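Inside the fold
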Amino acid sequence: MGRERATALLVDFDGVLRRWDPAVAAGVEREYGLSEGVLTEIAMQWGRLQPVLTGRVSHADWMSSVADALADSVGGPERARAAVEQWQRYRGEVDPQVLAFVREARAGGIRIGLGTNATDLLDADLAALDLTDEFDAVVNSSRIGVNKPAKEYFQAACAALETPAGRVLFLDDEDWAIRGARVAGLSALRWSGPADLRYARAALAY
């Protein structure tokens, strides 16, 4: 017997709904004489990243720690702070095809959740990208205190969507998140691009 089609959709933010142009960070790194990729490399070190994703550290403090780590290689703390601030002014871009799909599904009666490992800057980012009213629920790891791929994260997401796990479809671009969602009982599709929309539509009950 096949699985019932989903009545709720949980969509990852970065890598699915929001895209980042790598040229922005690369331009800042060139301007400040930094090695390519170092901004993201430092920011994504798990010991630095995990506390901000679970709400124990603010986004501002996280970026301050990145600047501190860069200070010696960039010519001092002031230049390091300036580099990080310039990098952070860019807040990404919305994928129009994914947003159109989200709106289409919501109009068809599907409950829509944004499911993201994010910082306390998420609400401001959603406002800046004009996404505030696009979701029935926003499940931010830093607000609930647990991050994907923990089972507890997905349980909280299903509760926020008021939908049993077996009727929720999750889209994410990371294998580890997909595996975690499946362990929690959700249907999950690893997002590789707009070509996946055909499958996602078929998996939803609208």
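Residues numbered from 1 in each chain as written. Predicted model: local features only at pLDDT ≥ 70, side-chain atom pairs only at ≥ 80, totals over all residues. Heavy atoms only, no water.

Okay, the overall build of the protein next. Each helix and strand counted, the protein has 11 helices and 7 strands in total. Relative to a compact globule of 206 residues, whose C-alpha radius of gyration would be 17 Å, the protein shows 18 Å and is just as compact. Principal-axis analysis of the C-alpha atoms places the extent of the protein at approximately 65 × 30 × 25 Å. Within the span of the protein, comprising 206 residues, buried residues form 49% of the whole. Considering only residue pairs separated by 6 or more positions, the protein has 67% of its internal contacts joining residues 24 or more positions apart. Surface accessibility of the protein: about 10,100 Å² in total, with carbon and sulfur atoms responsible for 49%. (Helix = DSSP H or I, 4+ residues; strand = E, 2+ residues; numbered from the N terminus. Rg over C-alpha atoms; globule rule 2.2 N^0.38 Å. Buried < 20%, exposed > 50% of the residue type's maximum accessible area, 1.4 Å probe, protein only. Contact = heavy atoms within 4.5 Å. Areas by Shrake-Rupley, 256 points an atom, 1.4 Å probe, with all protein chains shown as cover.)

Before going further, it helps to spend a moment on the environment of Thr40. One can find Thr40 in helix 2 (residues 38-43). When the C-alpha atoms of Thr40 and Pro22 are compared, they prove to be 9.9 Å apart, with 18 residues separating the residues in sequence.

Among the structural elements, Gln86 can be located in helix 5 (residues 77-88). The exposure class of Gln86 is partly exposed, given its relative accessible area of 22%. The spacing of Gln86 and Val24 is 62 residues in sequence and 9.4 Å in space, taken between C-alpha atoms. Setting aside chain neighbours within four positions, we find Gln86 in contact with Val28, Glu31 and Tyr32. Side chain to side chain, Gln86 and Glu31 meet in a polar contact 2.9 Å long. (Polar contact = N/O pair within 3.5 Å; in protein donor to acceptor, adjacent residues only side chain to side chain.)

Turning to the sheet that holds strand 5 (residues 137-140), a few remarks are in order. The 5 strands are arranged 5-4-1-6-7 in an open sheet whose pairing can be described as parallel. Across the chains shown, the open sheet's two edge strands, defined by having one partner strand only, are strand 5 and strand 7 (187-190). For this sheet, the mean inter-axis angle between neighbouring strands, taken without regard to orientation, is 20°. Judged from the 4 bridges that link them, strand 6 (residues 168-172) and strand 7 form a sheet pairing that is parallel. (Pairing = 2+ DSSP bridges. Axes fitted to C-alpha atoms, helices over the stretch in contact; angles between N-to-C directions.)

Our next topic: the packing of aromatic side chains. According to the stated counting rule, one finds 3 aromatic pairs in the structure shown. Measuring from centroid to centroid gives 5.7 Å for Trp20 and Tyr90, while their planes differ by 80°, and the two rings are edge-to-face. Taken together, the positions of Trp20 in the loop between strand 2 (18-19) and helix 1 (22-31) and Tyr90 in the loop between helix 5 and strand 3 (93-94) put the pair 70 residues apart, joining distant regions of the chain. Residue Tyr90 is classed as buried on the basis of its relative accessible area of 17%. (Phe/Tyr/Trp six-rings, centres within 6.5 Å; stacked < 30°, edge-to-face > 60°.)

This brings us to the layout of surface pockets. Space inside the largest pocket adds up to approximately 920 Å³. For the largest pocket, the lining is made up of 35 residues, of which Asp14, Arg18, Trp20, Met44 and Trp62 are closest to its centre. If you list the elements that add at least two residues to the lining of the largest pocket, you get helix 1, helix 2, helix 3 (46-53), helix 4 (59-74), helix 5 and helix 7 (122-128). For the lining of the largest pocket, the class distribution of residues is 18 nonpolar, 7 polar and 10 charged. (1 Å grid on protein atoms, 1.4 Å probe; cavity = no way out; pocket = protein on both sides within 12 Å on 5 of 7 lines; lining within 4 Å. Points joined across faces, edges and corners; volume = space filled by probe spheres on them. Nonpolar A, V, L, I, M, F, W, Y, C, P; charged D, E, K, R; others polar.)

This paragraph deals with the nonpolar core. In terms of nonpolar packing, the biggest core is built from 29 residues, with Leu9, Phe13, Leu17, Leu131, Leu169, Leu171 and Leu204 touching the most fellow members. Counting only elements with at least two residues in this core, the list comes to strand 1 (8-11), helix 6 (96-107), strand 4 (111-116), helix 7, strand 6 and helix 11 (197-203). At 5 residues, the largest contribution of residues to this core is made by helix 6. Those residues in contact with Leu9 that lie beyond four places of it in its chain are Phe101, Ile110, Arg111, Ile112, Gly113, Leu161, Leu169, Leu171 and Leu204. Counting 22 residues, the second-largest nonpolar core is a separate cluster that includes Leu53, Trp62, Leu70 and Val84. (Core = buried A, V, L, I, M, F, W, Y, C linked by side-chain atoms within 4.5 Å.)

Moving on: the pattern of salt bridges. Pairing between side chains of opposite charge can happen when the charged atoms of each approach one another. Scanning the model with the defined rule gives 12 salt bridges in all. A salt bridge links Glu4 to Arg167, with the shortest nitrogen-to-oxygen separation between them at 3.6 Å. Of the two residues, Glu4 sits in the segment before strand 1 while Arg167 sits in the loop between helix 9 (151-161) and strand 6, which places them 163 residues apart along the sequence. Linking Asp172 and Lys148 is a salt bridge whose minimum nitrogen-to-oxygen distance equals 2.8 Å. Taken together, the residues Asp172 in strand 6 and Lys148 in the loop between helix 8 (141-144) and helix 9 connect sequence positions 24 residues apart. You'll find Asp172 and Lys148 in the same group, each marked buried. Connected via shared salt-bridge partners are Asp14, Arg18, Arg91 and Asp125. (Salt bridge = Lys/Arg side-chain N within 4 Å of Asp/Glu carboxyl O.)

Keep in mind these numbers describe shape, not what the thing actually does.
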